[in-house]
Amino acid sequence: MIHHRKWGWGLGVATASAVTAFGVASWQANAAPATPTPTVAAERATVSDPQPVPEAATGSGNDALTSSEVQRARAIALTPQLAADAEDVTGKAGPEYLSAEVDPEAGGREAELYFYDYRSEKLFKQVVDLKAGKLVNSFSAAGMQPPASEQESRTALELLIADPAGDTLEESYRAATGKALNGIEGLVPTAHVYTAGPADKGAEKCGRNRCVQLIVATADGRFLSAGEFIIDLSGRTVARLK
Amino acid sequence: MTYRKIAGAAALLTAAALGLTVPSPARAAASATTCGSAATVKETLPNGTTWQLCWRIHDKAGLVLTQVYVSTKLQPEPVQVLDSIRLAQLHVPYDTGDVEYDDLTDIGMGGYSLESLDGDDCKGGSARQGSDGSAEPAQRKVLCVSAEPSGLAYRAREESWGENGPEPGTLYSRQGHDLVLRTISKLSWYEYVTEYRLHDDGQISARLGATGDLAPGFEADAARGWPVGSGDAYKAAMHYHNAFWRVDFNLDGKGGEKVQQYDTKLDGQGEMTAKVKTTRTDITTEGAFSKVDQRWWRLASRSSANADGHPRSYELVTGANDRYQGHPETKPDVTFSEKSLCEKWASGNDSDPECPPDIRTVVDFVKDKQTLTDPVMWVRVGFHHVPRDEDQSPMPMHWQGFDLVPRDFTAMNPLTPDGRTGQNGNPEPSAEPEPSGVQPSGSRG
Ligand SMILES: [Cu+2]
C-alpha cells in the first residue's frame, strides 16, 4: 500500500478517472482547506425495548395462536365422537393432544390442532375457524408421527423404568448421583419420535406404532444412558436397538 | 405469567406501547405487515435502513419470520422482500450409522425445546416476549432483537489533483450494522441458535449455530471418531448437522419470481488473457440443483423493477457446505418447488393427515416437475462435525448458513452517501477529459 502511494503519480490517472463525476465536488471541497472531511459516524446502534404487553385474547393475521384461542379451538376440535372413540397414551378416553398452530394462509384465524388416537393408531388434524367458532375440517391418517407431547415423554420414561431394560438407566443414575432411582422423580426426559428404517431390528413396528427414543438427564443436567432403547408407546413395550 | 397479576397496571402500559408503535395513517405503507404490535419488529439502523417484519414461534420450525420489508434512506417506502423464512429441517446422522435425528419433525425447535433468554443470551439487545408455540402456549421472552456492528460498510476516498500531485479529498467511510434476530432451542445436550441478520445494505443472512455439549456416550472408531479427553480411550463420534431452510420470496409484494441460474466459464482467449463468459439458464420447472464452481441462483421479480428499470432480485450466496451422501434429499444444495401447503419439511414431511403420505422429502416435492409460477426455495447447508478437544465444554458455537444478497433491488447502494447520489451508471458517459494536473474542464463555477 505504501508503495502505491509513492507511485501515485503514475497510478493517479486511472484512479481518478473512476471518480470523474464527483471529481468536481471534491475539487471544490478541496479548494479551501485541504483537509479531508471524513464522514465516519460514531453512533451506537440501539433497538427499542418495548415493555411486554399482556397477551391478547385474539391474535390477528400472522400472530401465533393465543392461549385463549388454543383453549377455544381445543374445545371445538374435540368432538364428542373423538372424545368417546379415541384413547390417549395412558389409555384414558379422549385422544392425545399434540399441538396447535395457526394457518396464516387461510386468511382469517384458523387453528390446526393435532391429536393422536392410540386406539386407531391414527393422527388427527382438526381445523377450527376461530371467528365462526366451528370445526371446518377433519383429517386422519395412519403412519404419521409428529413430535411427542410432554405426557408422552413422561409415559415413555415410566415404561422404560418399569421394564427390565430400565436397569441400565437405574445403574447410570446411581453412578451419576450416588442415590437410588425413585420412579421418574428428578429425571428430565427428551423424546425423539422414532420411525423404523428398513434395516432396523427390534422396533420394526415403529412408524405404524408411535415410538420414541429417550434422552434422559438428571435435574442438574447429567445425561444417563438410555439412547439404545426404543419405547413403543402403542405396544407399551421397550426394545433394544441392534 | 406475572403479567396476569399486574393486568391492571399492564393495561395502561399497553395503551402507551401501542400508541408508540401504531403507524399514523400518513405512513400506512409502513404498516403492511399484518400482525399485532408484540409480534412486530420494526427497527431503524444508524445508516437509515428500516427492517419491519412479523415473528412467531412454530413448535417444529422454531422462529418464523414473515412479511419482511425493508426501506432505506434513499428509498423510504417499505418494499417487501420475503413472504417468510424459517428452518425446514435439521437432520443429524452420526457417522457410525447407528442413529440419526430429524430434529424439527421428531422433536421440534419451538415449544418446550425453546429456551427463555437468560444470562448473556441477549446482551445489548431487547428480549421480546411472545408465545413459545407449544401445545399450551406460554408467553416467554424468547426472541432477542439487537443491532450489531457489521464492520466497514464501504470506504472511498476521493482524490483530487493539486500542484504537487494527488491530494486527499472527501472520505466516505461508514460503519455498517445488522438487525439481528435470534432464538435458542435446547434439544437435550445440543443447543441451537436460529439467527437472522438483516443487514443495513439489504442483505439477509440466515444461520444456525450449534453449541451446548457433544452427545455423551456416542463413541466411535478412529475412522468415525476423534479422541477427546486424555489419550485415545474415548473417541467422540463424528456426525453431520444438515440444516434446511424454506425461503419464500415476495419481492415488492408481487410474488411469482423467476428462478435463474448463472454459470461462469472460460471462453477462449482475449488479446491479453483468457476470455470468460457468464451465461444464464432459466429454471422454469421444479428441480433440485447443486453448486459447481462459479454457479449461483437468483429469484427475480417479473413485474417489479428498481429506478434503473432493472428487475428486482435476490441472489442466493452459499459458502462452506458439507454434503451428506447418505440420503437423496441431503445431496442437492438448493431445491426450487412450486409453492404447496403440503410441502413443509425438507424430510419427514409425511406428517399432515390432510396431505399425501408419500411426499416425504424435497426430492418428492419436485419429482413431477411442475411449472414454477410461485417458487419456494429450499436451501441445504451441511456441516460435518469432527469433534475436537476444544468442544469441551461448553462447545464453542459453530455456524452454518447462507446469504440472500440484493441484486438490483435498489438502483444504487442503499447506503450511498449524499455526496455520491449522482454516481449511478457509466462513470465516463462522454468524452470528458480525465482529471489530471490541470483543473478539469467540467468544473462548475
Ligand atoms: Cu455437532
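Residues numbered from 1 in each chain as written. Chains lettered and ligands numbered in written order. Predicted model: local features only at pLDDT ≥ 70, side-chain atom pairs only at ≥ 80, totals over all residues. Heavy atoms only, no water.

### Thoughts on the overall build of chain A
Working step 1: In terms of regular secondary structure, chain A is built from seven helices and nine strands.
Working step 2: For chain A, the proportion of its 242 residues judged to be buried stands at 45%.
Working step 3: In chain A, 48% of the contacts between residues at least 6 apart in sequence involve partners at least 24 apart.
Working step 4: Split by element, the accessible area of chain A, about 12,100 Å² in all, is 54% carbon and sulfur. (Helix = DSSP H or I, 4+ residues; strand = E, 2+ residues; numbered from the N terminus. Buried < 20%, exposed > 50% of the residue type's maximum accessible area, 1.4 Å probe, protein only. Contact = heavy atoms within 4.5 Å. Areas by Shrake-Rupley, 256 points an atom, 1.4 Å probe, with all protein chains shown as cover.)

### Looking at unusual backbone geometry
What you tend to see is this: most non-glycine residues have negative phi, and most peptide bonds are trans.
All names here are of chain B.
Working step 1: Of note, the bond from Q392 into S393 is cis; its omega dihedral lies within 30 degrees of zero at -10 degrees.
Working step 2: Mapped onto the secondary structure, S393 falls in the loop between β20 (375–385) and β21 (395–407).
Working step 3: The residue after S393, namely P394, is reached through a cis peptide bond having omega -10 degrees.
Working step 4: Among the secondary structure elements, P394 is positioned in the loop between β20 and β21.
Working step 5: A positive phi angle, near 50 degrees, is found at Q67, a position not held by glycine.

### Let's talk about the sheet that holds strand β3 (residues 122–129) of chain A
All names here are of chain A.
Working step 1: If you walk across this open sheet you meet the four strands as β1-β2-β3-β4, and the pairing is antiparallel. The open sheet terminates on both sides in strands that have one partner only, identified here as β1 (96–102) and β4 (134–142). Direction aside, the axes of adjacent strands within the sheet are offset by 20 degrees on average.
Working step 2: Relative to β4, β3 runs antiparallel, the two being bridged by eight bridges. (Pairing = 2+ DSSP bridges. Axes fitted to C-alpha atoms, helices over the stretch in contact; angles between N-to-C directions.)

### Things to note about the pattern of salt bridges
Residue and element names in this part refer to chain B.
Working step 1: The tally for this structure, following the rule as stated, stands at 33 salt bridges over all chains.
Working step 2: Between R197 and E195 there is a salt bridge, with the nearest N and O atoms lying 3.0 Å from each other.
Working step 3: Of the residues examined, R197 reaches a relative accessible area of 12% and is grouped as buried.
Working step 4: By relative accessible area, which is 1% here, E195 ends up buried.
Working step 5: A salt bridge links R388 to D391; its shortest N-O distance comes to 3.7 Å.
Working step 6: A relative accessible area of 2% places D391 in the buried class.
Working step 7: Here the residues in one salt-bridge network are E148, D178, R182, E195, R197 and R207, joined through shared partners. (Salt bridge = Lys/Arg side-chain N within 4 Å of Asp/Glu carboxyl O.)

### With respect to the pairing of strand β9 (residues 190–199) of chain B
Residue and element names in this part refer to chain B.
Working step 1: For β9, the buried fraction is high: nine of the ten residues fall into the buried class.
Working step 2: Pairing of strand β8 (residues 165–187) with β9 involves ten bridges; the strand directions are antiparallel. Among the inter-strand pairings, T183 is bridged to a residue of β9, identified as T194.
Working step 3: The antiparallel hairpin formed by β8 and β9 contains two residues in its connecting segment, where S188 sits at a positive phi of about 50 degrees.
Working step 4: The pairing of β9 with strand β10 (residues 204–212) spans nine bridges and is antiparallel. Bridge pairing in β10 places V193 opposite G209.
Working step 5: Hairpin connection between β9 and β10: a loop of four residues separates the two successive antiparallel strands, and G202 in this loop has a positive phi of roughly 95 degrees.

### A few points about the state of the cysteines
Residue and element names in this part refer to chain B.
Working step 1: Inspection of the entire model under this criterion finds four disulfides over all chains.
Working step 2: Each sulfur of the disulfide joining C122 and C144 lies 2.1 Å from the other. Residues C122 and C144 are joined through a disulfide that is right-handed, its torsion about the S-S bond being 80 degrees. With C122 in the loop between α3 (103–106) and β6 (126–131) and C144 in strand β7 (residues 139–162), this residue pair connects regions lying 22 residues apart in the sequence. (Disulfide = S-S within 2.5 Å.)

### Side note on the coordination of the copper ion
All names here are of chain B.
Working step 1: Coordination of the copper ion by the protein involves Y190 (OH), H239 (NE2), H241 (NE2) and H385 (ND1), with metal-donor separations of 1.9 to 2.1 Å.
Working step 2: For the copper ion, the four donor atoms are set out with angles of 95 to 136 degrees between them, so the coordination reads as irregular.
Working step 3: The motif formed by the donor residues of the copper ion, counted along the single chain, is Y-x48-H-x1-H-x143-H. You can see H239 sitting in strand β13 (residues 239–249) and its partner H385 sitting in strand β20, a full 146 residues away along the chain. (Donors = N, O, S within 2.8 Å, 3.2 Å for Na, K, Ca; no water. Tetrahedral: all angles 85-135°; square planar, octahedral: opposite > 155°, others 65-115°.)

### Considering the environment of E112 of chain A
Residues and elements named next belong to chain A.
Working step 1: By the secondary structure assignment, E112 is in strand β2 (residues 110–117).
Working step 2: What makes E112 buried here is its relative accessible area of 8%.
Working step 3: Taking the C-alpha atoms as reference, E112 lies 11 Å from I76; in sequence the two are 36 residues apart.
Working step 4: If we ignore the near neighbours within four places in the chain, the residues touching E112 are S99, A100, E101, D103, K125, Q126 and V127.

### Here we look at the sheet that holds β6 of chain B
Residues and elements named next belong to chain B.
Working step 1: An order of β6-β7-β8-β9-β10-β21-β18-β17-β14-β15 is seen for the ten strands of this open sheet, with the pairing classed as antiparallel. Pairing within the sheet leaves two strands with one partner each, and these edge strands are β6 and β15 (274–283). Ignoring which end each strand starts from, the neighbouring axes of this sheet average 25 degrees apart.

### Considering helix α6 (residues 150–162) of chain A
Working step 1: Here α6 of chain A spans 18 Å end to end across 13 residues, near enough to the 18 Å set by a 1.5 Å rise per residue.
Working step 2: E152, S153, T155, A156, L157, L159, L160 and I161 of chain A are the residues of α6 of chain A that are buried. (Expected span 1.5 Å × (residues − 1).)

### Considering the UniProt feature "modified residue: 2',4',5'-topaquinone" (unreviewed entry) in chain B
Residue and element names in this part refer to chain B.
Working step 1: The sites that carry the UniProt feature "modified residue: 2',4',5'-topaquinone" (unreviewed entry) are, in the present numbering, Y190.
Working step 2: Here Y190 is to be found in strand β9.
Working step 3: Sequence-distant contacts of Y190, that is, excluding residues within four places in its chain, are made with Y94, S185, A210, T211, D213, L214, A215, H239, H241, H385, M395 and H398. (UniProt positions renumbered as here; feature names shortened; annotations may be inferred.)

### Points about the domain arrangement of chain A
All names here are of chain A.
Working step 1: Partitioning chain A into domains gives domain 1 (67–142) and domain 2 (150–240).
Working step 2: Computed from C-alpha coordinates alone, the two centres of domain 1 and domain 2 are separated by 27 Å.
Working step 3: Contact residues are listed per partner, giving nine residues for domain 1 and nine residues for domain 2.
Working step 4: Around 800 Å² of area is buried between domain 1 and domain 2 when both sides are counted, 46% of it from carbon and sulfur atoms.
Working step 5: Counting the surface domain 1 buries against domain 2, the share from its top three residues, V89, Y118 and E121, is 50%.
Working step 6: If you look at where domain 1 meets domain 2, you find zero salt bridges.
Working step 7: Grouping the amino acids of the side of domain 1 that touches domain 2 by side-chain chemistry returns five nonpolar, one polar and three charged. (Domains from an automatic or database assignment. Buried area = accessible area lost by both parts, 1.4 Å probe. Nonpolar A, V, L, I, M, F, W, Y, C, P; charged D, E, K, R; others polar.)

### Quick look at the packing of aromatic side chains
Residue and element names in this part refer to chain A.
Working step 1: Using the criterion set out here, one finds 13 aromatic pairs over all chains in the structure.
Working step 2: Seen in terms of ring centroids, Y97 and F115 are 5.6 Å apart; in terms of plane orientation they differ by 45 degrees. Their pairing is tilted. Here the residue Y97 occupies a position in strand β1, and F115 occupies one in strand β2, the gap between them amounting to 18 residues.
Working step 3: On the accessibility criterion, F115 (3% relative accessible area) is buried. (Phe/Tyr/Trp six-rings, centres within 6.5 Å; stacked < 30°, edge-to-face > 60°.)

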